[in-house]
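Here is what each chain is made of, one letter per residue.
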Amino acid sequence: MKRIGLVLLWAGAVWLCAQNKPLAPLSALLVIPVLSFFPGWLLLRALRIELRGLEILLFSIALSWTILIACGFALNPFGALDETGWLIATGGAMALLAWLAPAGSAKRLRLLSYRPHIDVIALSGFVLALVLTIGSVGLAAWQEHFYRPFEVLELWMRLRNDAAELRVGLHNGDLQERVVRLEIRGERRLIHVGTPMILKPGQTVTRSFIIPPTPEQAPERIEALLFDTENRVLRRTHVTIGDVLAAGRIEKEPDE
Amino acid sequence: MLFAAERQDRTAAPDLRRESVQGTLGRLWSAIWTLIGRAPAQADDETSAPPNWRRLAGTAVLAGFSLVLIAVGQGLGRAGSEHAAPVFWSASLALVLTCTYAALRPESGRLERLINLIVLGQSLHLLKIIYSPTIFAGFDEYLHFRTALDIFELHALFANNPLLPVSPLYPGLELVTVSMAALTGLGIFPVAIILVALIRFVSVATCFLLFEAVSGSSRLATIGVLVTMSSTSFVSFHGQYAYETLAFAFFLLVLYCTLRLESATPYERRRLAALALLLLPAISITHHLTSYLTAALVTGAVLLMVLRPVPGQPRALALLVAAAACIMPPLWKLIVSAPMGDYVGPHLLTAFGDLKALLSGTHSGRQLFIGVDGVQAPLVLRVIGIMSILVIGIGLLFGFFRALTFRRPGTAETGRRFRTWPSSAVVLLALLGASFPATVIFKLTSAGWEVGNRLGTFAMIGAAFVCGLSVTHFWHQRLPERAGRIGLATVLSLTIVGGMFNGWGAALRSGYQVAGDGLSMEPLGLAVAEWSREVLGEGNRFVADRTNAIFASTFGRQIVLSTLNGDPATADLYFGDRFGYYERNIISNGFVNFILVDRRLPSAAPKVGHYYEPGDLQQNEDLPPRQRDLTKFDHSNEIDRVLDAGAILVYDVSKIRK
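Every value quoted in this text rests on a predicted model; they were computed, and no experiment measured them.

Here we take up the packing of helix α4 (residues 110–131) of chain B against helix α8 (residues 218–229) of chain B. Describing two packed helices takes the angle between their axes plus the distance from one axis to the other. Residue and element names in this part refer to chain B. It is the contact of α4 with α8, at a shortest axis distance of 10 Å, that shows an interaxial angle of 10 degrees. Regarding the angle of α4 to α8, the classification is roughly parallel. Side by side, α4 and α8 meet where Arg 110, Arg 113, Leu 117, Leu 120, Gly 121 and Leu 124 of the first sit next to Ser 218, Arg 219, Thr 222, Val 225, Leu 226 and Met 229 of the second. Taken together, the residues of the contact of α4 with α8 sort by class into six nonpolar, three polar and three charged.

What follows is the structure, given as structure tokens:
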């Protein structure tokens with residue numbers, strides 16, 4: 001019963017962490033070590049398979065993975081491979097195995113045949129090694145953050161359902177702010193001339209434009225152009241409004 | 001009398017000559033056997049000594065410093081500095097040498113050796129994280145990332161993955177990842193790197209236990225694991241987020257259970273068989289090729305046990321395990337209707353065809369250490385790469401026959417009536433090791449490289465054991481104590497670094513490279529993929545080049561056209577400056593919504609050999625598409641340029657599709 005209680009306590013704690021965003025990092029500490037070891041260990045106990053030292057650790061981890069795979073297949077027919085489904089399945093599996101495992105006879109998990117004695121110097125060494133390792137990954141992440149071989153400035157244009165409404169978007173994915181100006185052009189007409197605007201790093205701006213119909217009602221190519229402060233074209237997109245071809249009609253191949 | 005004596009001398013002379021020849025041959029054979037076959041029973045390692053934690057901490061600190069230097073090297077590589085390669089490769093060698101030397105110290109106990117091996121295994125995993133700390137860097141990783149995302153977001157198994165249709169049918173790895181990602185709230189990527197670290201731990205420790213159980217020597221096991229790390233796939237292929245990585249760990253555990261059956265007590269045999277039976281379904285669900293290779297190796301081991309004419313062999317249990325290993329892969333294939341023949345068959349046929357051409361001399365084989373872009377690796381790295389193969393070859397030469405006659409210390413010799421091989425487990429490992437040179441020959445061919453690389457990993461388990469045996473039972477006695485240890489650590493370290501270079505030539509980052517997988521991934525491509533999901537919505541049919549296709553498929557959640565998925569080949573859309581019937585037909589037949597154009601591609605040859613689909617470069621006279629080929633879509637009124645991101649453009653071709 002004690003084991004089943006612990007499993008239910010674990011499931012409750014995971015559920016609580018999932019409900020409260022600030023506790024989310026805690027759920028990683030609660031879930032990964034537990035799910036990587038205990039289901040398999042409980043299965044070994046339930047099957048009365050006694051192993052020694054490192055074998056317990058290795059087979060518990062591998063069997064835990066096996067149980068997680070089995071839980072996935074159990075949840076799939078119900079379309080329940082979501083957070084709640086996983087919590088019920090893993091918690092349920094562990095509770096069942098805890099109930100099946102013989103009570104009272106569990107040997108303490110011992111990987112070492114003696115009591116380890118780690119002195120302060122060794123401990124400081126391990127702490128330093130950990131700091132260096134985390135530092136190396138941090139350094140790599142920092143380098144990657146600043147690695148931008150190509151400028152990330154996007155201009156896009158989409159027709160909305162109502163073909164007369166044009167949606168234009170800008171995104172500055174770089175680390176510096178930019179000053180840009182947007183212009184919308186039709187064929188032989190200027191639809192919109194924007195004023196210079198500042199795009200902050202990571203900022204996305206969207207604009208909608210209603211395109212006034214032309215008197216001829218003919219198909220028209222609408223262009224969006226993005227200029228820099230010196231009036232150089234940075235980006236250019238285009239869409240054609242109006243029916244270009246009837247559906248199913250195949251255009252004749254131009255002569256060579 | 002004299003004549004009689006002369007006659008006797010004449011008849012005796014050939015006998016003497018024969019005896020002399022036989023004596024010479026005998027001595028020669030004896031000398032050869034001493035070199036390659038004599039195996040004095042010994043276990044020259046101290047196994048019970050407690051670990052020296054200060055020494056371990058020192059090793060960990062040195063490994064940490066090396067990792068910082070490796071990160072610096074990667075940064076220099078991105079910046080295009082010429083100092084990047086010396087810094088990166090020296091730091092990698094220092095990292096490996098530190099752990100190898102510490103693991104090989106004669107005064108170390110088994111736990112200390114094992115911890116050193118685990119530190120090295122995890123450090124080599126960190127090498128991959130340092131390479132790309134925020135997103136996956138390998139092409140294959142994205143194929144499984146897509147499957148994991150499908151399960152994570154659609155809450156269902158077996159959703160179609162157009163880039164690798166077979167992946168959703170073997171969802172073991174993805175289910176483990178998704179379970180943890182769903183419950184922790186972390187993304188797929190952080191969970192994946194933690195999971196791969198755990199898999200690496202299990203693989204290294206199981207390999208150690210396996211070699212130790214078979215040989216009875218932790219020193220031999222240590223050397224064996226170090227040689228295993230020199231496999232071309234250890235750092236990169238089996239360090240990536242892919243189904244074979246998890247399946248390989250399961251495979252090692254099943255192999256451990258099977259090979260231990262022979263020497264275990266009856267109670268232990270039952271529990272080992274039970275463990276193998278529990279893990280075998282997991283292999284079948286996780287990876288097809290590994291499950292078939294597991295079946296083959298388990299059957300081989302069981303055959304050796306069954307045929308060994310010695311009483312007390314665990315025949316019934318072994319046959320049960322072998323039967324389960326053989327039944328489960330085809331059973332799972334049948335359940336999910338996996339198109340294995342279509343997927344693996346062509347690879348194998350092409351590989352064997354290339355091998356035949358290489359052996360008959362009609363084809364010169366793959367150009368070693370030269371990329372498709374014509375860039376040759378530095379001489380030092382080429383030498384280390386070749387040396388790593390030669391070292392294993394030498395190890396096999398001096399260890400193979402010793403392995404066949406190897407007897408675990410402490411095991412009793414069978415009576416004369418049962419003159420047979422002393423250990424089925426060791427014989428299986430020796431035979432597995434003997435297949436390693438064949439996998440190397442496969443790697444010399446263009447099409448067979450992948451087959452050789454996949455099979456080589458499994459053959460390496462046997463080769464590593466044989467190499468370990470050759471060191472403990474031959475080289476160790478012939479080398480001076482301290483110098484021999486330093487020499488051995490250096491050779492093994494160079495072998496590991498050489499194996500890493502052979503399997504992952506692009507381990508050092510550089511600036512942007514065209515079609516270079518990890519080297520092509522940068523924020524612009526990522527931003528475009530995220531834009532496609534946000535603005536265009538999910539599930540549009542996309543055509544893109546190799547790198548942008550995997551981004552669009554995962555971060556963009558688009559359906560990328562792929563010939564593997566039965567879609568029409570789309571590479572021709574990008575070659576040629578005309579947009580006519582042919583191109584329109586591709587769009588119509590493929591129900592294409594959007595075409596992504598990367599204008600950086602014409603600037604260089606593709607690192608991995610193709611821009612869009614395998615063979616596209618060869619079909620177009622080895623010439624890249626021209627800028628005007630890529631911008632031809634601008635001239636059609638039916639095509640809208642919906643995104644301009646500078647180097648990347650996206651065209652909407654839905655009107656043609658209609």
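Now that the structure is up, let's keep going.
A common way to state how big an interface is: give the accessible area lost once the parts meet. The domain architecture assigned to chain B consists of domain 1 (242–336) and domain 2 (517–657). Relative placement of domain 1 of chain B and domain 2 of chain B: their C-alpha centres are 45 Å apart.

On to the packing of aromatic side chains. Residue and element names in this part refer to chain B. This structure, assessed with the given rule, holds 35 aromatic pairs over all chains. Between the aromatic rings of Phe 145 and Phe 555, the centroid separation amounts to 5.6 Å while the plane-to-plane angle is 70 degrees, which identifies the pairing as edge-to-face. Note that Phe 145 is positioned in helix α5 (residues 139–154) and Phe 555 in the loop between α20 (546–554) and β2 (559–560), a separation of 410 residues in sequence. Judged by relative accessible area, Phe 145 falls into the buried class, the value being 7%. On the numbers, 5.7 Å between centres and 65 degrees between planes, the contact of Phe 551 with Phe 555 is edge-to-face. Three or more aromatic residues joined by ring pairs make a cluster, and in this case those are Phe 136, Tyr 142, Phe 145, Phe 189, Tyr 241, Phe 551 and Phe 555. It is Arg 546 that lies over the ring of Phe 139; its NZ or CZ is 3.9 Å from the centre.

Below, the discussion takes up the interface of chain A and chain B. On the side of chain B, 105 residues touch chain A, which itself brings 90 residues to the contact. Between chain A and chain B the total buried area reaches about 8,000 Å² when both faces are included, carbon and sulfur atoms providing 70% of it. If you look at where chain A meets chain B, you find six salt bridges. Across the pair B:Asp652 and A:Arg158 runs a salt bridge, and its minimum N-O distance is 3.0 Å. Secondary-structure elements contributing two or more residues to the side of chain A that touches chain B are α1 (2–19), α2 (24–35), α3 (38–46), α4 (53–75), α5 (83–100), α6 (120–146), β1 (153–159) and β8 (233–241) of chain A. In terms of residue count, α6(A) provides more of the side of chain A that touches chain B than any other element does, 15 residues in total. Of the residues contributing to the side of chain A that touches chain B, the split by class is 54 nonpolar, 16 polar and 20 charged.

On to empty space enclosed by the protein. Residue and element names in this part refer to chain B. Within the structure shown, the criterion is met by six cavities of 30 Å³ or more. In this structure, the largest cavity spans a volume of roughly 150 Å³. Along the walls of the largest cavity sit 17 residues, with Ser 203, Phe 234, His 238, Phe 248 and Leu 252 positioned nearest its centre. Considering each element in turn, the lining of the largest cavity owes the most residues, five residues, to helix α7 (residues 188–215). In terms of residue class, the lining of the largest cavity is built from nine nonpolar, seven polar and one charged. Volume-wise, the second largest cavity comes out at about 120 Å³. Together, 14 residues line the second largest cavity, and Lys 128, Glu 141, Phe 189, Ile 193 and Gly 239 are the ones closest to its centre. Listing elements by their share of the lining of the second largest cavity, those giving two or more residues are α4 and α7. The element contributing the most residues to the lining of the second largest cavity is α7, with four residues. Looking at the lining of the second largest cavity residue by residue, the class counts come to nine nonpolar, three polar and two charged.

Each value, and the rule that gives it
- Residues numbered from 1 in each chain as written.
- Chains lettered and ligands numbered in written order.
- Predicted model: local features only at pLDDT ≥ 70, side-chain atom pairs only at ≥ 80, totals over all residues.
- Heavy atoms only, no water.
- Axes fitted to C-alpha atoms, helices over the stretch in contact; angles between N-to-C directions.
- Helix = DSSP H or I, 4+ residues; strand = E, 2+ residues; numbered from the N terminus.
- Parallel < 35°, antiparallel > 145°, perpendicular 65-115°, else oblique.
- Contact = heavy atoms within 4.5 Å.
- Nonpolar A, V, L, I, M, F, W, Y, C, P; charged D, E, K, R; others polar.
- Domains from an automatic or database assignment.
- Phe/Tyr/Trp six-rings, centres within 6.5 Å; stacked < 30°, edge-to-face > 60°.
- Buried < 20%, exposed > 50% of the residue type's maximum accessible area, 1.4 Å probe, protein only.
- Lys NZ or Arg CZ within 6 Å of the ring centre and 35° of its normal.
- Buried area = accessible area lost by both parts, 1.4 Å probe.
- Salt bridge = Lys/Arg side-chain N within 4 Å of Asp/Glu carboxyl O.
- 1 Å grid on protein atoms, 1.4 Å probe; cavity = no way out; pocket = protein on both sides within 12 Å on 5 of 7 lines; lining within 4 Å.
- Points joined across faces, edges and corners; volume = space filled by probe spheres on them.

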